[in-house]
Amino acid sequence: MDRDPLPSSQPRHVFWHEGMLDHNTGSGVFDTGFDPGFLEVLDKHPENADRVRNMVSILRKGPISRFLTWHSGRPAHASELLSFHSPEYIESLIQANARGSTELCAGTFLNPGSWGVALLAAGSTMSAMDHILSGQANLAYSLVRPPGHHAQPTRADGYCFLNNAGLAVKLALKAGVKRIVTIDIDVHYGNGTAEGFYDTNDVLTVSLHMNHGSWGPSHPQSGSIDELGEGSGYGYNLNIPLPNGSGDEGYQYAFDELVVPAVRQYKPEIIVFIIGQDSSMFDPNGRQCLTMDGYRKIGKLVRDMADEHSNGRLLIVQEGGYHITYSAYCLHATIEGVVNVPEPLLEDPIAGYPDDSGITLKVVDAIKRYWKETIPFLKDI
């Protein structure tokens, strides 16, 4: 299907609120909050406000800016959170917030101000989805922090308190949307989103991630290919664990051989594109070696799928990306792909580390064979 040749003729809508900078994650040895006492300079926690400051700045000041229209986000109401999260979990977060600074799980700190910021992230994402559902736009981007895709219905995990994307999907289901696909390219498994829809075929959850496995009590899921869902959701949770260093070619192959055919079979009415720039070649939290060009191509592929299957309806939700400058560049490239600019608007300032896609191609072929043998609706991909 042809896409609009003049991207500026259809503004793309960004939902953001300055209040999301107020979540102070502290400092220590990487994300631990630990000060050993003998280091002169400690790391800022990787999920800090500066990373998102640069994302906002590059979209407002970079060449992509003329294609974007900005909207102010809003906080979620506590009652809205119950569509995805349990009442007991939400109450535990409210109580933790009242107590003051708390480490909910490894690396995940709820500090003064954090709860209000989490509500802003959730509400802004739901507002972006509502903008699509109401017919005001086909394409909206929720630029939020803290991230959300690790937050499960009953627990926090991996810097995440509330599952922003999951709440937006629930909103769409309530509005009568029948089939929704989530495509998560953050370097870590979108375990919280998967857990929230694990027993339903109303949502096809797809996650491409580093093959990191479980990392403790807050993250019991492994992200392996055999976590397929259960009950009526069996076969509708598709995990694509990729080897370290998969790079642009490996991700392109995974999309061509796995993601695009699966989405074509499912025929979604809305696509939710869950993005993280921590799959880039320089991110401190990942090892997947994507460059700006890789992100740009993935953005185009997802836009193509939205145009083909969901009348262009596409919600983008921000997750990770922890290199302070390169994450912003990779975000710009992703949005370039999504808005279908004919030529790159920014050159890659630092790409050069070679990827190692040979093993990845074999892994993708093996996953495809497994899906064809195991998942009824994918037997013909």
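Residues numbered from 1 in each chain as written. Predicted model: local features only at pLDDT ≥ 70, side-chain atom pairs only at ≥ 80, totals over all residues. Heavy atoms only, no water.

- The protein chain carries the name Histone deacetylase 8 in an unreviewed UniProt entry, which gives Rhynchospora pubera as its organism.
- What UniProt records for the protein chain under Sequence similarities (unreviewed entry) is the sentence "Belongs to the histone deacetylase family." (UniProt positions renumbered as here; feature names shortened; annotations may be inferred.)

## Side note on the pattern of salt bridges
Side chains that carry opposite charge are capable of pairing whenever their charged atoms lie near each other.
Right, so step 1: With the rule as written, the count across this model stands at 12 salt bridges.
Right, so step 2: Measuring nitrogen to oxygen at the nearest pair gives 2.6 Å for the salt bridge that ties Arg51 to Glu47. No difference in accessibility class separates Arg51 from Glu47, as the two residues are buried.
Right, so step 3: Arg264 is paired through a salt bridge with Glu308; the nearest N and O atoms lie 3.7 Å apart. Here Arg264 is found in helix α6 (residues 247-266), whereas its partner Glu308 is found in helix α7 (residues 292-309), with 44 residues between them in sequence. (Salt bridge = Lys/Arg side-chain N within 4 Å of Asp/Glu carboxyl O. Buried < 20%, exposed > 50% of the residue type's maximum accessible area, 1.4 Å probe, protein only. Helix = DSSP H or I, 4+ residues; strand = E, 2+ residues; numbered from the N terminus.)

## Things to note about the side chain of Ser127
Right, so step 1: Looking at the secondary structure, you find Ser127 in helix α3 (residues 114-133).
Right, so step 2: Not counting the four nearest positions on each side in its chain, Ser127 is found in contact with Phe15 and Arg74. (Contact = heavy atoms within 4.5 Å.)

## A few points about the packing of α7 against helix α8 (residues 326-339)
Right, so step 1: At a closest axis distance of 7 Å, the pairing of α7 and α8 adopts a crossing angle of 35 degrees. For the pair α7 and α8, the crossing hand works out as right-handed. Facing Met292, Tyr295, Arg296, Gly299, Lys300 and Arg303 of α7, the residues of α8 in contact are Tyr326, Tyr329, Cys330, Ala333, Thr334, Glu336, Gly337, Val338 and Val339.
Right, so step 2: Broken down by class, the residue content of the contact of α7 with α8 amounts to 8 nonpolar, 3 polar and 4 charged. (Axes fitted to C-alpha atoms, helices over the stretch in contact; angles between N-to-C directions. Left-handed = near helix turned anticlockwise from the far one by under 90°. Nonpolar A, V, L, I, M, F, W, Y, C, P; charged D, E, K, R; others polar.)

## Quick look at a nonpolar patch on the surface
Right, so step 1: A cluster of nonpolar side chains, contributed by Val29, Phe34, Phe38 and Leu39, occupies part of the molecular surface with about 420 Å² of accessible area.
Right, so step 2: Structurally, Phe38 can be placed in the loop between β2 (27-28) and β3 (43-44). (Patch = residues over 30% accessible without salt bridge, like charges linked within 9 Å, V, L, I, M, F, W, Y side chains within 5 Å. Areas by Shrake-Rupley, 256 points an atom, 1.4 Å probe, with all protein chains shown as cover.)

## Considerations on the nonpolar core
Right, so step 1: Ile183, Leu208, Ile240, Phe255 and Trp371 are the most contacted members of the largest nonpolar core, which totals 71 residues.
Right, so step 2: Ranked by residues supplied to this core, first place goes to α6 with 9 residues.
Right, so step 3: Once residues within four sequence positions are removed from consideration, Trp371 is found in contact with Leu238, Asn239, Ile240, Leu258, Ala262, Leu378 and Ile381.
Right, so step 4: Residues Ala76, Leu119, Leu162 and Leu315 belong to the second largest nonpolar core, which totals 35 residues. (Core = buried A, V, L, I, M, F, W, Y, C linked by side-chain atoms within 4.5 Å.)

## Quick look at the sheet that holds strand β8 (residues 180-184)
Right, so step 1: Reading across the sheet, the 8 strands line up as β4-β1-β7-β12-β11-β8-β9-β10 and stay open at both edges, with parallel pairing between neighbours. In this open sheet, the two strands that pair with only one neighbour each are β4 (68-72) and β10 (237-242). Direction aside, the axes of adjacent strands within the sheet are offset by 15 degrees on average.
Right, so step 2: Direction of pairing for strand β7 (residues 139-142) relative to strand β12 (residues 314-318): parallel, over a ladder of 4 bridges. If you follow Ala140 over to β12, its bridge partner there is Leu315. (Pairing = 2+ DSSP bridges.)

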